[in-house]
Structure formats: C-alpha cells, structure tokens
Amino acid sequence: MITKEATAPAPAPARADHEPPRPARKRRPAWDEVPRWQIYLPLGVYLVFTLVPFYWILLFALRPAGSTSLVPWPMTFDHFEKVWTDRSFGTFFQNSVYVGVATLVMTTLVALAGGYALARFDFKVKRVFMLGLLCSQFVPGALLLVPLFEIFAELQMINSLGSVIIAETVFQLPLSIILISNFIKNVPYSLEEAAWVDGCGRFRAFRIVVLPLLRPGLIAVGSFAFVHSWNHFLFALMFLNNQSKQTIPVGLNSLMSADSVDLGALAAGGIIAAVPVVIVFAFIQKWLITGFSAGAVKG
C-alpha cells in the first residue's frame, strides 16, 4: 500500500521584530510660526520702493522754486496756485470730472443691459459675441484713433467732450459687460421667477430683486471706467484741440516743453490729478474688491 505523505506548508518568512523607522516628513511652518522679520523686511523694502517716488513729488510740489533741500521747508503752495490759475488746471479738472462721470454713467448703464442679456438669454451668436468681446481686449487703443477720428469728423464732433466720452465708453464696454454678466449669473434665477409669480414684470423684478444685489459689481465697473477715463491720454489728445476742452492728462503734457520742464508745477499738477482717484479708491475699496472677485469667479 502506497501512502502519500502530507506536505506541510512552507513556513512563513520570519518577520523582523523591529522595522526601521520611516523618516518623518517635514511639516511646513504655518504663517504664525514664520519669524516676523521674514515678513516685515520684504514688505518694508516694497513700501520704501513705492513711497519714495510719492515723497519726491510732494517735495518738488511743496518746496520753493530753486531749492535743493530734501525737506519741504519752508513749505509753499505757489506751484499749486500757478498750475490752477496760470496753466488753466481748474478748467482741465472740470473737463476731466465731466468726462469721468459721463463715462461712468454710460458704461454702467450699457454694461448692465448687455450683461443681463448675456446672463439670462440664450441666442445663436452668443458664443461668437462673447469671443468678440474677449478678443477686443487684445486691440490697443492706438489702433482705434484713426477710424474714430474719421467717424467723429463726419459727425462734426471733433473738439467736443462728447467724442472723448463716447470713445472711452466704447473702449470700456467689453470688460464691463463680461464682469456684469458673470456677476448676474451668481444671482439665483429663482428670485426673479418668484417676483414674476407675485405679479412683477421682468423690468420691475430686475429693478427690485436683482439690481440691489449687483451693487458691488456696479461699483467695480463704474470706478474702473471713471479711473481709466480720468487717466487716459490718447483720446483727449487726438480729439480735443481747444485748450478750454482739454483734460488733466493733456494739461500735464503741456507743462513739459522741449527746452525745459517746470518740475514744481508738474509735481503740483500730478498731485491734483491723483487726489480724486485716491479719494474714490479710499471710499469704495471694500466694494471694489468684492465686485471684481465675484465677477471673475463664475463664467
């Protein structure tokens, strides 16, 4: 009789009693664990690099003509009086305010209508239209000078503030429409539907329900249009020939001649040009950040 011996299973390999410890991962330091000097040092360098030019502008604007002192003392306001009266900066300032406010209003209204149409309606050429708006941002403003000049010449609008307002509005509309449309998309459509059920028409539902929620976006678009039209130089230079119609950027350019530059008057004019923009951003900073971030998230 043949017997088969049962084969015992092979013994499992002996396990080491102690495995070698794995190297611990380095934990990245949190912000509150970083030494303070590593934060304040680069911020201080950047602050000095940013504020030094502003100090030089204030220095030239406030110290007497011919002085070489590094401290504006004795302080004088003769340069401000000179540019405001003798160099017609009072007129330039008034024209810039008119152009900026008008551009703000027109850009906001047209962008609000166009943005609502893009956000709430579907039509065949919607994608093509959006692509055209995006591609228009790659066109520099200098390329628009000749065709716009020909159009305004035919309409007899040369040397008129209306030509600058229209040009600035057209130049600002693509980005403004995109921002407003993205902001409207963040407003639930059900809110408008609920207003329709309660008896409101489309316009009234938009005015009562949607428009109050668009305040940050409208402030962002309006402030961007105002600041750009306030600082823009090309359109005002090309379309305005009469000195009584010129704006502040063109007025600043007139302070520089081929032979000499009045640094005190130029610095005073730069401060006059910068003060309204600084005031605007100081009051709307919170709304501006909210509007741009909300309008750029969803598309």
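As the structure is a computational prediction, the values presented were derived from the model and not from experiment.

Examining the overall build of the protein chain
Helix and strand counts for the protein chain come out as twelve helices and zero strands. Counting helices and strands in the order they occur from the N terminus, the protein chain gives α-α-α-α-α-α-α-α-α-α-α-α. By residue count, 33% of the 299 residues in the protein chain fall in the buried class. Taking all contacts inside the protein chain whose residues are at least 6 apart in sequence as the whole, residues at least 24 apart take part in 73%. With the model as given, the accessible surface of the protein chain reaches about 19,900 Å², and the carbon-plus-sulfur share is 67%.

Digging into the pattern of salt bridges
Here the structure, examined in full by the defined rule, presents two salt bridges. Among the ionic pairs, Arg120 bridges to Glu192, the shortest N-O distance being 2.6 Å. Of the two residues, Arg120 is situated in helix H3 (residues 89-120) and Glu192 in helix H7 (residues 189-197); the sequence distance between them amounts to 72 residues. We classify Glu192 as buried; its relative accessible area is 0%. Of the charged contacts in the structure, one is a salt bridge between Lys126 and Asp122, with a shortest N-O distance of 3.4 Å.

Quick notes on the packing of H3 against helix H6 (residues 161-185)
At a minimum axis separation of 6 Å, H3 and H6 run at an interaxial angle of 35°. Crossing of H3 against H6: the hand is right-handed. Its residues assigned to classes, the contact of H3 with H6 shows 17 nonpolar, nine polar and three charged.

Looking at the environment of Gly141
Take Gly141: it is sitting in the loop between helix H4 (126-136) and helix H5 (145-154). With 91 residues separating them in the primary sequence, Gly141 and His232 have C-alpha atoms 10.0 Å apart. In contact with Gly141, other than residues within four places in its own chain, are Phe171 and Phe235.

A short note on the packing of aromatic side chains
Enumeration over the complete set of coordinates arrives at 13 aromatic pairs. Between Phe171 and Phe235, the aromatic rings sit 6.0 Å apart at their centres with planes inclined by 85°, giving edge-to-face as the arrangement. Remark: Phe235 occurs in helix H10 (residues 234-239) and Phe171 occurs in helix H6; sequence separation between them is 64 residues. Here Phe235 falls in the buried class, since its relative accessible area comes to 0%. Measuring from ring centre to ring centre gives 5.6 Å for Tyr189 and Trp196, while their planes differ by 85°; the resulting arrangement is edge-to-face. The class of Tyr189 is partly exposed, set by a relative accessible area of 30%. Assessed through its relative accessible area of 27%, Trp196 is described here as partly exposed. An aromatic cluster of at least three residues, connected via ring pairs, comprises Phe149, Phe152, Phe171, Phe235 and Phe239.

Regarding unusual backbone geometry
Look at Gln156: it is not a glycine, yet its phi comes out positive at around 55°. In this model, Asn159 sits at a positive phi of 65°, which is unusual for a non-glycine residue. Relative to the helices and strands, Asn159 resides in the loop between H5 and H6. The class for Asn159 is partly exposed, based on a relative accessible area of 25%.

Overview of a nonpolar patch on the surface
The grouping of Val48, Val52, Tyr55, Trp56, Leu70, Val71, Trp73, Met75 and Phe77 at the surface amounts to a nonpolar patch, some 970 Å² of accessible area in total. Checked against the element boundaries, Val52 lands in helix H1 (residues 36-62).

Cut-offs applied
Sequence positions are assigned chain by chain, starting from 1 and proceeding in written order. The predicted nature of this model means local features are confined to residues of pLDDT at least 70 and side-chain atom pairs, given and counted, to a pLDDT of 80 or more, with totals for whole chains, interfaces and linings taken over all residues. Computation of side-chain values covers all heavy atoms of the structure but excludes hydrogens and water. Elements are defined by DSSP. Helices are runs of H or I of four residues or more, strands are runs of E of two residues or more, and each kind is numbered from the N terminus. Three labels apply to residues, based on accessible area from a 1.4 Å probe with only protein chains included: buried if under 20% of the type maximum, exposed if over 50%, partly exposed otherwise in between. Should any heavy atoms of two residues lie within 4.5 Å, those residues are considered in contact. Per-residue accessibility takes into account occlusion by the displayed protein chains alone, with areas from the Shrake-Rupley method and a 1.4 Å probe. Salt bridges are identified by distance alone: a Lys or Arg side-chain nitrogen within 4 Å of an Asp or Glu carboxyl oxygen. Axis angles are defined between N-to-C directions and span 0 to 180 degrees, where every axis is a line fitted to C-alpha atoms and, for a helix, only to the segment in contact. Left-handed describes a crossing whose near helix is turned anticlockwise from the far helix through less than a right angle; right-handed describes the clockwise counterpart. Residues are grouped as follows: nonpolar covers Ala, Val, Leu, Ile, Met, Phe, Trp, Tyr, Cys and Pro; charged covers Asp, Glu, Lys and Arg; every other residue, Gly included, is treated as polar. Side-chain rings of Phe, Tyr and Trp, where Trp is taken by its six-membered ring, are said to pair if the distance between their centres is within 6.5 Å; with planes under 30 degrees apart they count as stacked, over 60 as edge-to-face, and otherwise as tilted. Like charges within 9 Å and nonpolar side chains (Val, Leu, Ile, Met, Phe, Trp, Tyr) within 5 Å are joined into patches, using only residues over 30% in relative accessible area that form no salt bridge.

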